[in-house]
Amino acid sequence: MSRILFLLCAAFLTVAGCTTAPAPTETRMGADGKPLPKLYRIRPGDKGKIQFRVLDSVNSLREAAGRPPVELNAKLNAAAATHARDMAIQNRPWHFGSDGSSPIDRVRRVGYEGELVGETISETYETELETLAAWMEAENTRNVILSPEARNLGFAWHQETNGKIWWTMVMGS
């Protein structure tokens, strides 16, 4: 029995020694000599992971600021998704829809019964957490995220084939 175990271990170590280390990935450099950013590609199955990662991050920021936690809200997610796609169609990050709608109009359309606290938007190639960090650096978007009135969060995006992402976060009371 110990001879078979010894032979199996020896065979395993021989096979393990035959593998080669992966080749280092080549970093592409821009004209300025700095590394180009890597494309952040969102897969269809990532929706829930991304939304809950943002929710957890927002609630951590809110807790640190002494604010109550928020919950994901399906209706606000729908309003955010509609606007993210519409911004991509318009090819501009702004708070008005192609039909002239405002954030208030969009949350009413989806049947949200609370009040709109605010909407944050972004056009970027960055991840959701990099985008959240950028929002926290600007006073107006930080105030929306940390609003004491906020109780619900909607978060969605639209990614173009070139990798550009249109992020929308909607906060409601």
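This text follows the structure it describes.
Reference entry: report on the structure contained in this document. (Residues numbered from 1 in each chain as written. Predicted model: local features only at pLDDT ≥ 70, side-chain atom pairs only at ≥ 80, totals over all residues. Heavy atoms only, no water.)

Considering the nonpolar core
Across soluble globular proteins, nonpolar side chains show a tendency to be buried alongside one another.
For step 1, the next point in the chain: Ranked by size, the top nonpolar core spans 21 residues in total, and within it Val58, Ile145, Phe155, Trp167 and Met169 carry the most contacts.
For step 2, the next point in the chain: Among the secondary structure elements, those contributing two or more residues to this core are α2 (47-64), α5 (128-137), α6 (139-145), β3 (152-159) and β4 (165-172).
For step 3, the next point in the chain: Apart from the residues lying within four places of it in its own chain, the contact partners of methionine 169 are Val54, Val58, Gly118, Glu119, Thr120, Leu132, Trp135, Ile145, Leu153, Gly154 and Phe155.
For step 4, the next point in the chain: Leu76, Ala80, Ala156 and Val170 belong to the second-largest nonpolar core, a separate cluster that totals 7 residues. (Core = buried A, V, L, I, M, F, W, Y, C linked by side-chain atoms within 4.5 Å. Buried < 20%, exposed > 50% of the residue type's maximum accessible area, 1.4 Å probe, protein only. Helix = DSSP H or I, 4+ residues; strand = E, 2+ residues; numbered from the N terminus. Contact = heavy atoms within 4.5 Å.)

Focus on the pattern of salt bridges
Pairing between side chains of opposite charge can happen when their charged atoms approach one another.
For step 1, the next point in the chain: Per the counting criterion, the structure on display carries 5 salt bridges.
For step 2, the next point in the chain: Note that arginine 43 is salt-bridged to aspartate 46, the shortest N-O span being 3.3 Å.
For step 3, the next point in the chain: Take arginine 43: its relative accessible area is 54%, and that puts it in the exposed class.
For step 4, the next point in the chain: The exposure class of aspartate 46 is buried, given its relative accessible area of 11%. (Salt bridge = Lys/Arg side-chain N within 4 Å of Asp/Glu carboxyl O.)

Considering the side chain of glutamate 160
For step 1, the next point in the chain: Its place among the elements puts glutamate 160 in the loop between β3 and β4.
For step 2, the next point in the chain: As a buried residue without a salt bridge, glutamate 160 has its nearest oppositely charged side chain in lysine 164, at a separation of 4.6 Å.
For step 3, the next point in the chain: Those residues in contact with glutamate 160, other than ones at most four positions away along the chain, are Arg41, Ala88 and Trp166. (Lys, Arg positive; Asp, Glu negative; His and termini not counted.)

So, the packing of α2 against α5
For step 1, the next point in the chain: Contact geometry of α2 with α5 gives a least axis separation of 10 Å together with a crossing angle of 30°. By the criterion of interaxial angle, the relationship of α2 to α5 is roughly parallel. Crossing hand, α2 versus α5: right-handed. Of the residues in α5, those touching α2 at Ile50, Arg53, Val54, Ser57, Val58 and Leu61 are Glu128, Leu129, Leu132 and Met136.
For step 2, the next point in the chain: Within the contact of α2 with α5, the residues separate by chemical class into 7 nonpolar, 1 polar and 2 charged. (Axes fitted to C-alpha atoms, helices over the stretch in contact; angles between N-to-C directions. Parallel < 35°, antiparallel > 145°, perpendicular 65-115°, else oblique. Left-handed = near helix turned anticlockwise from the far one by under 90°. Nonpolar A, V, L, I, M, F, W, Y, C, P; charged D, E, K, R; others polar.)

Focus on α2
For step 1, the next point in the chain: Compared with an ideal rise of 1.5 Å per residue, which puts 18 residues at 26 Å, α2 spans 26 Å between its outermost C-alpha atoms and is within 8% of the ideal.
For step 2, the next point in the chain: When we look at burial in α2, the residues that qualify are Ile50, Gln51, Val54, Leu55, Val58, Asn59 and Arg62. Across the axial projection of α2, the buried residues extend over an arc of 160°, all falling on one side. In α2, the exposed positions that point more than 90 degrees away from the buried face belong to Lys49, Asp56, Glu63 and Ala64.
For step 3, the next point in the chain: Where α2 is buried, its residues contact β1 (71-72), α3 (74-90), α5, α6, β3 and β4.
For step 4, the next point in the chain: After α2 finishes, the residue glycine 66 shows a positive phi value of roughly 75°. (Expected span 1.5 Å × (residues − 1). Arc of directions from axis to C-beta.)

In short, shape yes, function no, at least from these values alone.
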